[in-house]
Amino acid sequence: MSETYKRKLVEVALPLDEINAACKADKDRKTGTIRNLHKWFAPAPLPAWRALLFAALVDDPEDEEKRAYLLDVIKRLVANGADLPDDDTLAEARRIIQAQFPDGVPTVMDPFCGGGSTLVEAQRLGLPTFGSDLNPVPVLITRTLTELLPKVYGQQPLHPEMVTETGSRGKGKKAHQTGEDIFGTDENVTYSGYDGLIRDVTYYAELVRERAWEDLKDFYPCLPGETPISWLWARTAICPNPACGIETVLTTSWWLSKKKNELAWIEPQVAGKAVALEVTSGQKAGQPPAPPKAARGASFACLGCGQILTEEYLEEQGESRGLGLRMTCVVAEVGGRRIYRAPLPNEVDSTRVVPYEAWFPEITASDGGTRRRFGLDHQADLYTPRQLHTLTTLADQVALIHNEIIEEGGSVAWADAVSTTLGLALGQMARSSSALCLWRPRPSAHAKAESAFGRNDLPMMWDFAETYWRGDSVGDWCGTVRSVTRAFAYQHPWEGRVEARDARTAKSPRPALVATDPPYFDAIGYADLSDYFYVWHRRALRAVHPDLYPTVASPKSAELTAMPSHHDGDRHAARQYFIEGFTSTFRNLQSSMSPGLPMLVVYASKEQRAGAGEETRWESILSAMLAADLEITGAWPIHMTSVAKMIGVNKNMVAAYIVMVCRPRPSSSSTVSLMEFTRELRRELPSAVLALQEASVLPVDLPQAVLGPGMSIFSRHRGVLDQSGDHISVGRAMQLISTALGEILDEQQGELDPASRFAVAWWESHGWESGPFGTADQLARPQGISVNDVVIAGVAESRGGNVRLAGRGDLDRSWQPSKDAHPTAWEAVHHLVDRLIDGGGVLEAGELLEDLGPLKDQAQMLAYRLESIAARKGWSKDQERYNALIGSWSDMLAAAARRTGSLEGLF
Ligand SMILES: C[S@@+](CC[C@H](N)C(=O)[O-])C[C@H]1O[C@@H](n2cnc3c(N)ncnc32)[C@H](O)[C@@H]1O
């Protein structure tokens, strides 16, 4: 037995259903959490970290009742979904943690801290934090959240809101600035929490806006009474037809607005060599002409002659002379009304005369995106010249704010917090100030611009919206700042430090609970994407965070991903780099681990669907863990999708994350033979599988979840040696665990009633199709029954010499096991599925579940079995239904318990 430590709760039990529900709510919550502060990629769900950190710190009490209490605390910690937990529950959780560590609570360290979710939740639980990331963008985000903000919590602003004689609040201008005496500070106004900071951030944001306007106003000519919202652009190319040769417009859609009764679109007209773009707006009916873009690929029809500009032709033109750009429409507001109109010549000209931004670094797009093929291979190509100049001007104004605050008597901590927030707001604003900003017409509302990074890439955009930074709409500077400061309320101030470090060398200043969410193999190229923000942060904040910006672009080479594009397209080399990098990372992190605490590694699935690629990713990260002498002591699947959504939409949806719990492997561990390892699997895995099933782990997740206990057996040994004395690989161990799981599910089938065993065997070979009586007879006999018995049991129908399984289609919703002389697990599963999915849902199915009595456990086991057969056979519809049944198991139990409770209340 290698276990010499006290097991933590996370190594024994977790309330998965409640955590999953909260993670789903967190994912669906689009605004208002720490994610408002700044975009970063693949943020982990906050409730999951709250629950996991707590469970990793407290000991498993080895007592059912005490464990149930701790699990209840976790349930309450995540009960409010995306909202913060109640103060009382938080205080209780902090007390429990403090009692666990009478000599002082440990630090929480995340060496791949990204946007900071782990550390924000650690601080919420009253723990000091240490974070690091290779990339300066996430370092800046997490530093702001966990280091800069806590230092200024509760402080008063330098520029409090002014109160007029009548008591109403002014806009925060000082009396000397307004030239009026009627304003004065209200001595009694005290700002609590981060309100003082928000006040000053707003004040300086307005200052930046007005100063930048002085420099920029000539480039933004506006018609009197109009407030611009966006200028729409499309790329252009010269038609290859020598008889035509016009500069044609390469748009993907002519729609401007799909709002009911306010339809608007562009109609192109070609006269001679010129393409005129007429804007039709305010329509109740009608639609634009078909766009020139072909449905697939990047080819377009010329607006003049119809000749196709093929993808190859456009690539060649993009490379040799560059594609053109044409303003197609002005979107504005007049007296609260939305208008669409053709651009005026001076509006087009004003975008051409802006100063050239020579400072902008020569960063070549290395993300493997399609833009490069069309000659748009530099970072600067993502912007129109006016966007570049505007962002530069705002960045330069933000850069002045730090000194200004110090000169006005503010502390360094205050100046850091205010100016960094403005720098982050600039990064956020850049998301809607580039050629990656999509114009989205919507049927039920005004069309609006959609910021970059809806997906984690930098795609080629043929048309885009240039938003207005003073437009009070998407892309508005002050609006962005307001949105950014909404993140503050989600942060609980505690003590934290964040550094830019490679995880291979990061060290916590104090013994720590290491909890992290590392890059997911080849899912996201963080460094490639991050330059989009890095250049603006650097321009605005270089003096404030000199450690983050030594180079013109973000560091790339040390990134721990397996991107083939970083290894000359060599997948094998990319994988090798990943495994070696993570092996040294996990080795290094052990020196920061507090003795007695496990390490938590949250690993996300890239595909959200079972598949071969996933296995490679899994094998790679597990190989690194084991090579670094870590032993896996637990694994939990976490979903972020409701069961309802799994039906029909995401057929083979696998867990969004698997949480792996690991500990350093004791030096006393030794090697074992392959035979001994398989014996151990047979001995220990069945009870582990049963425990996972009892925890309602979704059948589709079972193969991954069982890797936890399986790998725990494998990794407790220094090695498993095959007949030739060679170490077996992690991949081979994974195969053996998967085979063992199959055997366990087979054995479980042996515990079913004979008619259900027959049904499983029949279903595996015939599915829902009918087949000859003779074949059915052959399958029934080994179970010790006849086809007639099966028919009497209601599991199959026999007609005209053919047999077919019952269980799909019209089922008798009044079926009650207690009134059936031969109730079977087969019937139970299919009546449950029918009532859950096609009938009255969780309540109706819950009632039936309660009536099942001892058949309940068999039904659950059978659902797992059927799901695994369906997955193997590729019967996705059936797979989805059995998955949903297991996924709703605890809801059904809860519904049944509520019903019993309320019925008891009646008597
Ligand atoms: C999955 S993300 C972390 C997301 C984070 N948990 C959150 O909630 O935002 C992985 C992070 O690993 C970082 N990273 C990649 N290679 C690294 C390395 N060698 N050292 C440290 N961090 C690295 C990336 O910059 C990225 O921020």
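Now for a look at the structure at hand. (Residues numbered from 1 in each chain as written. Predicted model: local features only at pLDDT ≥ 70, side-chain atom pairs only at ≥ 80, totals over all residues. Heavy atoms only, no water.)

**Topic: the environment of Leu223**
Selection rule: We count a stretch as a helix when DSSP gives it H or I for four or more residues in a row; a strand needs E for two or more, and each element gets its number in order from the N terminus. What makes two residues a contact is simply this: any of their non-hydrogen atoms within 4.5 Å.
Relative to the helices and strands, Leu223 resides in the loop between helix H8 (195-216) and strand E5 (226-238). On a C-alpha basis, the gap between Leu223 and Glu347 in space is 9.7 Å, while along the polypeptide they are 124 residues apart. Other than its neighbours up to four places away in sequence, Leu223 contacts Arg341 and Leu344.

**Let's talk about the site of the ligand**
What counts here: In these notes, residues near a molecule or strand are those with any non-hydrogen atom within 4 Å of it. Any pair of nitrogen or oxygen atoms within 3.5 Å is treated as a polar contact; in protein, a donor-acceptor pairing is required on top of that, and neighbouring residues in sequence qualify only through side-chain atoms on both sides. For the area figures, the Shrake-Rupley method with a 1.4 Å probe applies, and any residue is considered shielded solely by the protein chains shown. Following the grouping adopted for this structure description, the nonpolar residues are Ala, Val, Leu, Ile, Met, Phe, Trp, Tyr, Cys and Pro, the charged ones are Asp, Glu, Lys and Arg, and the polar ones are all others, Gly among them.
Around the ligand lies a shell of 26 residues, among which Ala44, Gly115, Ser117, Asp133 and Asp517 are the nearest. Measuring from an oxygen atom of the ligand, one finds a side-chain N or O atom of Asp133 at 2.7 Å. Within the contact set of the ligand, a nitrogen atom lies 3.0 Å away from a backbone nitrogen or oxygen of Ala558. Considered on its own, the ligand offers 600 Å² of accessible surface; in the complex 99% of this is hidden by protein. Tallied by class, the residues present in the shell around the ligand amount to 16 nonpolar, four polar and six charged.

**Notes on the nonpolar core**
Worth spelling out the cut-off: Buried residues of nine kinds, namely Ala, Val, Leu, Ile, Met, Phe, Trp, Tyr and Cys, make up a nonpolar core once their side-chain atoms join them within 4.5 Å. Using a 1.4 Å probe on the protein chains alone, a residue whose accessible area is under 20% of its type maximum counts as buried, one over 50% counts as exposed, and one in between counts as partly exposed.
Core analysis: the biggest nonpolar cluster contains 239 residues, and Phe54, Trp477, Phe586 and Phe677 have the highest contact counts within it. Look past the residues within four positions of Trp477 in its chain and what remains in contact with it is Ala205, Val208, Arg209, Leu394, Val398, Leu422, Ala425, Leu426, Met429 and Trp469. Within the second largest apolar cluster, 33 residues are counted, among which are Ala234, Leu314, Cys329 and Leu376.

**Quick notes on the layout of surface pockets**
Note the cut-off: A pocket here means an open set of points on a 1 Å grid, computed over the protein atoms alone, that has protein on both sides within 12 Å along at least five of seven lines. A cavity is instead a set of points where a 1.4 Å probe fits but cannot get out; residues with an atom within 4 Å of a point line either one. Grid points are joined across faces, edges and corners, and a volume is the space filled by probe spheres set on the points.
Here the second largest pocket defines a volume of roughly 1300 Å³. Forming the walls of the second largest pocket are 44 residues, and the residues nearest its centre are Arg7, Glu11, Val12, Trp636 and Ala691. At the level of elements, helix H1 (16-28), helix H3 (64-78), strand E20 (630-638), helix H18 (674-694), helix H20 (707-715) and helix H29 (889-906) are the ones that each hand at least two residues to the lining of the second largest pocket. When its residues are assigned to classes, the lining of the second largest pocket shows 20 nonpolar, 12 polar and 12 charged.

**A look at H1**
Here is the rule: Here a helix's expected span is defined as the number of its residues, less one, multiplied by 1.5 Å. Regarding the arc, it is the one traced by the directions from the helix axis to the C-beta atoms.
The end-to-end C-alpha separation of H1 is 18 Å, in line with the 18 Å expected for 13 residues at 1.5 Å each. Listed in full, the buried residues belonging to H1 are Leu16, Ile19, Asn20, Ala22, Cys23 and Asp26. All buried residues of H1 lie within an arc of 165° about the axis, which places them on one face of the element. Against helix H2 (46-57), H3 and E20 lie the buried residues of H1.

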